[in-house]
Amino acid sequence: MALPFLLACAAHVQAQGMIGVGVGVVPEYEGSRDYRAVPVPVLNYQSGAFFIGSRNGLPGLGLKAPLAQDLTAGVYLGLGLGRDSSDHTRLRGLPDVDFHGLAGGFVEYKPGRASFSIDARQALKSNYGATVDLGASYAVFQSPESTISLGASTTWANDDYMNTWFGVSRSNAARSRAGLEAYSPSAGFKSAALTTTWTYRFNKSWMTSTTIGVKTLLGDARDSPIVERDTSAFGAASILYAF
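Before going into details, it helps to say that this report is about the structure given with it. As the structure is a prediction and not an experimental result, all values here were calculated from the model.

### Here we look at the packing of aromatic side chains
Move 1: For the structure shown, the criterion picks out 9 aromatic pairs.
Move 2: Taking 6.1 Å as the distance between ring centres and 55° as the angle between the ring planes, the aromatic pair formed by tryptophan 198 and tyrosine 200 counts as tilted.
Move 3: For tryptophan 198, a relative accessible area of 41% puts it in the partly exposed group.
Move 4: Among the aromatic residues, those joined into a cluster by ring pairs are Tyr45, Trp206, Tyr241 and Phe243.
Move 5: Taking NZ or CZ as reference, lysine 64 lies 5.3 Å from the ring centre of phenylalanine 51, over its face.

### A look at a nonpolar patch on the surface
Move 1: A contiguous nonpolar surface patch, about 560 Å² in accessible area, is contributed by Phe50, Leu61, Leu63, Val75, Leu77 and Leu124.
Move 2: Mapped by element, the contributors of at least two residues to the nonpolar patch are strand 4 (59-68) and strand 5 (71-80).

### Regarding helix 2 (residues 159-166)
Move 1: Turning to helix 2, its buried residues are Tyr161, Met162, Thr164, Trp165 and Phe166. Around the axis of helix 2, the buried residues are gathered within 165° of arc, so they sit on the same side.
Move 2: The secondary structure elements touched by the buried residues of helix 2 are strand 8 (130-142), strand 9 (146-157), strand 10 (188-201), strand 11 (206-217) and helix 4 (219-222).

### Re the sheet that holds strand 2 (residues 35-47)
Move 1: Here 12 strands make up a closed barrel; going around it, the order is 1-2-3-4-5-6-7-8-9-10-11-12 and the pairing antiparallel. Averaged over all neighbouring strand pairs, the angle between strand axes comes to 20°, with direction disregarded.
Move 2: Examined bridge by bridge, strand 1 (residues 17-27) and strand 12 (residues 231-242) share 8 bridges and lie antiparallel to one another. If you follow isoleucine 19 over to strand 12, its bridge partner there is tyrosine 241.

Conventions we followed
- Residues numbered from 1 in each chain as written.
- Predicted model: local features only at pLDDT ≥ 70, side-chain atom pairs only at ≥ 80, totals over all residues.
- Heavy atoms only, no water.
- Phe/Tyr/Trp six-rings, centres within 6.5 Å; stacked < 30°, edge-to-face > 60°.
- Buried < 20%, exposed > 50% of the residue type's maximum accessible area, 1.4 Å probe, protein only.
- Lys NZ or Arg CZ within 6 Å of the ring centre and 35° of its normal.
- Patch = residues over 30% accessible without salt bridge, like charges linked within 9 Å, V, L, I, M, F, W, Y side chains within 5 Å.
- Areas by Shrake-Rupley, 256 points an atom, 1.4 Å probe, with all protein chains shown as cover.
- Salt bridge = Lys/Arg side-chain N within 4 Å of Asp/Glu carboxyl O.
- Helix = DSSP H or I, 4+ residues; strand = E, 2+ residues; numbered from the N terminus.
- Arc of directions from axis to C-beta.
- Contact = heavy atoms within 4.5 Å.
- Pairing = 2+ DSSP bridges.
- Axes fitted to C-alpha atoms, helices over the stretch in contact; angles between N-to-C directions.

Any functional reading would require information that these geometric values do not contain.
What follows is the structure in structure tokens.
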């Protein structure tokens, strides 16, 4: 799902706290050819080592600390997004993916205009699996009012995650309304994305952020029978208040 990318739109704004709201346009599910509009909440706050922030599409809370100049590491608890199979004809007959808890850890390196990160997380629900995100971004333009950043990321997923989101068991294939064949994907890199984010400051507190991007499924995720389109665009616009 593209929502985590949309919620990273304010990542380059330096502030102790930030709240905001916006709207995004994303595929109905990973691999869908159809799109839907979604709300995009932003909630970031830091006090000492404690932080609240969007780590995987929904706000999470955790602790982070500097390891060296420009290098930070942390751990967090958060929530993972789900998928309602009744919302799309291609998925009917497959089990829903429930909202679930997540435990994760990350390392971020931010020298100057660049940013590099690795984020590993484990679902706190049996058989929902684990993922590792690798990301990089660079602010190609900066002024007192505007920042334009380009980003790239990729996600690796283990067997449990791939089968939860992209697999089709034999019993589910028999119930599938779309006549899907049984499919058991293996662990591997499941997606890659490119993004552009423009943040514009009206004053010290108020700003807007606009993100557009493209995401493509890779490997066994791309070959899943639930996938209608392996490459899709996404975007969002938000208004933010920093404090």
